[in-house]
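# Survey of secondary and tertiary structure
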Amino acid sequence: MPAVRRRSKWRRERRKQPRPAELRAAALDGFVGRRVSATLLGDVADRAGVSKGTLYLYFAGKDDLFKAVVRGGILPAIANAETLVSEFPGGAGELLRLVVSGMWSSVGGNLFSGIPKLIIAESGNFPDLARFYYQEVIQRGLALMAGILKRGIQQGEFRPFDVDPTTRAMMGPLLLMMLWRHSFQKHESDPLSPERYLDSYLALVLEGLRAPTPGEAAG
């Protein structure tokens, strides 16, 4: 078989059997754009250029596909942040900056940032998916942030405080930023850039967490 014909045959076979990543990308576009309940698996298959039957070769159903989207896009970002926390030799404040900016770059600045809004809207219709997201994403995210805060306290960089509620209070503005991006931002005439928002957020948080200097404590 001539080389050109062999390449054409390979491309046709490749289109018929896409990698799971291509199906996950098509599903993410559908889920964020139309919500889980309104997304049809047939539409996902069409976006990926395959039959619905081919999709079922990789995923058992809509719930399985949604979990694969989260595990393929959000969990790797959390795993990378966990590795950074375990290996970072510097202070907790700088570590917090790196983790927040890295997570926004990996998740917040693309379609994955629409998943939290989706989960909040669909938690009543899909309680199993809400439970899955809480266990595999939220709990790990809270533990990641709590670890940074505890390190700062132990190093004397942060003042002593109750870590658990502080962790949740810190996660709130980051969640709001993602919700805003997929709801009100399109109606703003001059949207606030993520960089300005994160800079202000980190300045406020770090000033509130820092341990007082000896002079401040004495005063």
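Given the structure is predicted, the values throughout are model-derived calculations rather than measurements.

So, how was this worked out
- Residues numbered from 1 in each chain as written.
- Predicted model: local features only at pLDDT ≥ 70, side-chain atom pairs only at ≥ 80, totals over all residues.
- Heavy atoms only, no water.
- Helix = DSSP H or I, 4+ residues; strand = E, 2+ residues; numbered from the N terminus.
- Buried < 20%, exposed > 50% of the residue type's maximum accessible area, 1.4 Å probe, protein only.
- Contact = heavy atoms within 4.5 Å.
- Areas by Shrake-Rupley, 256 points an atom, 1.4 Å probe, with all protein chains shown as cover.
- Core = buried A, V, L, I, M, F, W, Y, C linked by side-chain atoms within 4.5 Å.
- Salt bridge = Lys/Arg side-chain N within 4 Å of Asp/Glu carboxyl O.
- Phe/Tyr/Trp six-rings, centres within 6.5 Å; stacked < 30°, edge-to-face > 60°.
- Arc of directions from axis to C-beta.

## Section: the overall build of the protein chain
Regarding its fold elements, the protein chain presents 11 helices and zero strands. Ordered by position from N to C terminus, the α and β elements of the protein chain give α-α-α-α-α-α-α-α-α-α-α. Put simply, the protein chain has 219 residues, and 36% of those count as buried. Considering only residue pairs separated by 6 or more positions, the protein chain has 72% of its internal contacts joining residues 24 or more positions apart. Counting every atom, the protein chain has about 12400 Å² of accessible surface; 55% of that belongs to carbon and sulfur.

## With respect to unusual backbone geometry
Phi angles above zero are rare outside glycine, and Arg-35 is one such case at about 75 degrees. Locating Arg-35 in the fold gives a position in the loop between helix 2 (20–34) and helix 3 (41–48).

## Observations regarding the nonpolar core
Residues Phe-66, Val-70, Ile-74 and Ile-115 are the most contacted members of the largest nonpolar core, which totals 32 residues. Elements represented by at least two residues in this core include exactly helix 2, helix 3, helix 5 (62–87), helix 7 (115–122) and helix 8 (127–154). Broken down by element, the residue count for this core peaks at nine residues, all from helix 5. One finds Trp-104, Leu-144, Leu-198 and Leu-206 within the second-largest nonpolar core, a separate group that totals 27 residues.

## Some words on the pattern of salt bridges
Taken as a whole and judged by the stated rule, the model has eight salt bridges. The residue Arg-71 makes a salt bridge to Glu-136 at a minimum N-O spacing of 2.7 Å. Linking Arg-71 in helix 5 with Glu-136 in helix 8, this pair joins segments that are 65 residues apart in sequence. For Glu-136, a relative accessible area of 23% gives the class partly exposed. The structure contains a network of salt bridges with shared partners spanning Lys-67, Asp-128 and Arg-131.

## Quick notes on the packing of aromatic side chains
By the definition in use, this model includes three aromatic pairs. Their ring planes at 45 degrees and their centres at 6.4 Å tell us that Tyr-58 and Phe-59 sit as a pair that is tilted.

## What to know about the environment of Leu-75
You can see Leu-75 is positioned in helix 5. On the accessibility criterion, Leu-75 (10% relative accessible area) is buried. Sequence-wise, Leu-75 and Val-137 are 62 residues apart; in three dimensions their C-alpha atoms are separated by 6.8 Å. Not counting the four nearest positions on each side in its chain, Leu-75 is found in contact with Val-70, Glu-136, Val-137 and Arg-140.

## A few points about helix 3
Listed in full, the buried residues belonging to helix 3 are Leu-41, Val-44, Ala-45 and Ala-48. One side of helix 3 carries all its buried residues, which in axial view fall inside an arc of 100 degrees. Looking at the buried positions of helix 3, the neighbouring elements they touch are helix 2, helix 4 (52–58) and helix 5. One or two steps after helix 3, the chain reaches Gly-49, where phi turns positive at roughly 75 degrees.

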